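Take a look at the letters that make up each chain.
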Amino acid sequence: MNAIPFISLPHKPCHSQFDEQDWQILAQHWYPVARIEDITSTPQQVTLLDMNLALYKTEAGQIHLVRDICPHRGVPLSKGWVEGDQLICPYHGLHFNEAGQCTRIPAQPDLTQISERFSLTKFPVVLKCGLVWTSLCGRDQSLANFPVLDTWQSDGHQAILPPYVDIAGSSGRQLEGFIDVAHFAWVHHQAFADRDNPVVPKYTTARTEYGLHTHYTSQVSNYPHGMQHLAPDDFLWHRIFDVYPPFSAVLTVHFPEQGILKILNACCPVSHNKTRLFVPLTRNFDTTGDLQAVYDFNAQIFAEDQEMVESQKPEELPLDISMEAHFEADRSSAMYRRILAEWGLSKRYTV
């Protein structure tokens, strides 16, 4: 797939440690910033690529996302409140409508034509898989590389959205860890894998229009250790990874008796070394089971991964293949790195 063309909109925040070109490349793409269920009429601050945004819902239920700064005196609008369809700045009471236009300056109530300089910077909102997605510079949704979780609203599949996870590590490192099958036995041995079964059988990886597709087959069960008896002894576990660069991937796991589990790993790159991870998932088995058990297992897996991601050096994902050693089981991550490198991300991004 090709990188999305540049659109001249916001510039990199002055405090950001991303290189300007890297920021502009990443800012063309779409990322999740919040769970829909967490949005209220009380504005909240979310951060994407070091840019602070104010996310809120009007009293009519419309979700809006604007830059979290009042154009008048620079106060965060997330400290304000909503009245009807108007967002109110807490400093001087300026009112902003759903289009981001200033409709009222209380200190000058008779002012009928308010300058466009008072308008807010608005960002697009797309609702998918229980999440709010946006792009800082991309405006054409037809060019967006949204991950496909086709079972999210399918009959017979239960949709589950666990709490997000904040990780003090880069989104590239986190995503690569998600598609890494060689770490199962060593990092997840307390959850589902086995250090006595560390071998990674050969698997296939192919480039696609959206990124890459990997099909991995092994005898490593996906059941938690307390439920391993549910897997037949001769059952082969098929895991399919579909990667949607820059920072999303869908894992499909085939369970016994036609069971299907799908996990969307969707990163919000808060900063160069900070990630907010969202993990919507679906399953067509045990659909009346204990959701807390799902949340707990999910939290255990990502806590185990988090410890590794937060300790890796360099913090950013090295896109120069020669910077780190590789073995055959790394074929998916190597291809993922090549795709990001082809987009033109600079050397600064890799160290």
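Residues numbered from 1 in each chain as written. Predicted model: local features only at pLDDT ≥ 70, side-chain atom pairs only at ≥ 80, totals over all residues. Heavy atoms only, no water.

Novice: Which residues make up the overall build of the protein, and what values do they have?
Specialist: Helices and strands together make up the secondary structure of the protein, namely 5 helices and 20 strands. For the protein, the C-alpha radius of gyration of 22 Å lies close to 20 Å, the compact-globule estimate for 351 residues. Across its three principal axes, the protein shows a C-alpha extent of roughly 80 × 50 × 35 Å. Taken across its 351 residues, the protein has 52% of its residues classed as buried. Taking all contacts inside the protein whose residues are at least 6 apart in sequence as the whole, residues at least 24 apart take part in 59%. Here the protein has roughly 16300 Å² of accessible surface; of this, 49% comes from carbon and sulfur atoms. (Helix = DSSP H or I, 4+ residues; strand = E, 2+ residues; numbered from the N terminus. Rg over C-alpha atoms; globule rule 2.2 N^0.38 Å. Buried < 20%, exposed > 50% of the residue type's maximum accessible area, 1.4 Å probe, protein only. Contact = heavy atoms within 4.5 Å. Areas by Shrake-Rupley, 256 points an atom, 1.4 Å probe, with all protein chains shown as cover.)

Novice: With reference to specific residues and values, describe helix α4 (residues 291-311).
Specialist: Taking 1.5 Å per residue as the helical rise, α4 with its 21 residues ought to reach 30 Å, and the 31 Å between its terminal C-alpha atoms agrees with that figure. Those residues of α4 that sit buried are Val294, Asn298, Ile301, Phe302, Glu304, Asp305, Gln306 and Val309. Two or three places before Gln292, at the start of α4, stands the capping residue Asp290, its side-chain oxygen 3.0 Å from that residue's backbone nitrogen. (Expected span 1.5 Å × (residues − 1). Polar contact = N/O pair within 3.5 Å; in protein donor to acceptor, adjacent residues only side chain to side chain.)

Novice: So what's going on with the packing of aromatic side chains? Which residues, and what values?
Specialist: Using the criterion set out here, one finds 13 aromatic pairs in the structure. Centroid distance Phe184 to Phe192: 5.5 Å. Interplanar angle 70°. Geometry classified as edge-to-face. When its relative accessible area of 9% is taken as the criterion, Phe184 is described as buried. We classify Phe192 as buried; its relative accessible area is 8%. (Phe/Tyr/Trp six-rings, centres within 6.5 Å; stacked < 30°, edge-to-face > 60°.)

Novice: So what about the nonpolar core? Which residues, and what values?
Specialist: Judged by nonpolar contacts, the single largest core of 82 residues is most densely connected at Leu49, Leu136 and Tyr336. By residue number, the principal contributor to this core is strand β18 (residues 259-271), which donates 7 residues. Leave out the neighbours within four places in its chain, and Leu49 touches Pro13, Phe18, Trp23, Leu26, Ala27, Tyr31, Leu136, Pro269 and Val270. Judged by nonpolar contacts, the second largest core, of 14 residues, contains Tyr56, Cys89, Leu94 and Cys102. (Core = buried A, V, L, I, M, F, W, Y, C linked by side-chain atoms within 4.5 Å.)

Novice: Describe in detail the layout of surface pockets, supporting the description with residues and values.
Specialist: A volume near 640 Å³ is recorded for the largest pocket. What lines the largest pocket is a set of 31 residues, and nearest its centre among them are Asn222, Pro224, Phe255, Leu261 and Phe297. At the level of secondary structure, the elements contributing two or more residues to the lining of the largest pocket comprise α2 (171-178), β16 (237-244), β17 (248-255), β18, β20 (281-283) and α4. Tallying contributions element by element places α4 first for the lining of the largest pocket, with 7 residues. Among the residues making up the lining of the largest pocket, the classes are represented as 20 nonpolar, 6 polar and 5 charged. By volume, the second largest pocket is sized at about 360 Å³. Lining the second largest pocket we find 17 residues, and of these Glu176, Gly177, Asp180, His183 and Gln312 sit closest to its centre. The class makeup of the residues in the lining of the second largest pocket is 5 nonpolar, 5 polar and 7 charged. (1 Å grid on protein atoms, 1.4 Å probe; cavity = no way out; pocket = protein on both sides within 12 Å on 5 of 7 lines; lining within 4 Å. Points joined across faces, edges and corners; volume = space filled by probe spheres on them. Nonpolar A, V, L, I, M, F, W, Y, C, P; charged D, E, K, R; others polar.)

Novice: How would you sum up the sheet that holds strand β1 (residues 31-35)? Please name residues and give values.
Specialist: If you trace the 3 strands from one edge of the open sheet to the other, you get β1-β11-β10, paired in antiparallel fashion. Two strands in the sheet have a free side with no partner beyond their single neighbour: β1 and β10 (126-128). Going across the sheet, the axis of each strand differs from the next one's by a mean of 40°, ignoring polarity. (Pairing = 2+ DSSP bridges. Axes fitted to C-alpha atoms, helices over the stretch in contact; angles between N-to-C directions.)

Novice: Go over the packing of α2 against helix α5 (residues 331-342), please, and point to the residues and values.
Specialist: In a pair of packed helices, the angle between the axes and the distance between the axes together describe the arrangement. Between α2 and α5, the least distance of the axes is 9 Å, while the angle of their chain directions is 150°. Seen from above, α2 lies across α5 with right-handed handedness. Counting all contacts with α2, which are made through Gly172, Arg173, Leu175 and Glu176, the residues of α5 involved are Ser333, Tyr336 and Arg337. Class assignment for the residues of the contact of α2 with α5 results in 2 nonpolar, 2 polar and 3 charged. (Left-handed = near helix turned anticlockwise from the far one by under 90°.)

Novice: Pulling in residues and values, what's your account of the sheet that holds strand β5 (residues 81-83)?
Specialist: Pairing within the open sheet is antiparallel, and its 4 strands lie in the order β5-β6-β7-β8. The open sheet has two edge strands with one neighbour each: β5 and β8 (102-104).

Novice: Help me get a handle on the state of the cysteines, residues and values and all.
Specialist: If you walk through the whole model with that rule in mind, you get 0 disulfides. Of the cysteine sulfurs around Cys137, a residue in no disulfide, the closest is that of Cys268, at 15 Å. With no disulfide of its own, Cys267 lies 8.8 Å from the sulfur of Cys268, the closest cysteine sulfur. (Disulfide = S-S within 2.5 Å.)

Novice: So what's going on with the pattern of salt bridges? Which residues, and what values?
Specialist: Between side chains of opposite charge, a pair can form as their charged atoms come close. Applying the stated criterion across every chain yields a total of 11 salt bridges. Where Asp166 meets Arg276, a salt bridge forms, and the shortest distance between an N and an O atom there is 2.7 Å. Taken together, the positions of Asp166 in strand β13 (residues 165-167) and Arg276 in strand β19 (residues 274-278) put the pair 110 residues apart, joining distant regions of the chain. Classification of Asp166 by relative accessible area gives partly exposed; the value is 34%. With a relative accessible area of 21%, Arg276 lands in the partly exposed category. (Salt bridge = Lys/Arg side-chain N within 4 Å of Asp/Glu carboxyl O.)

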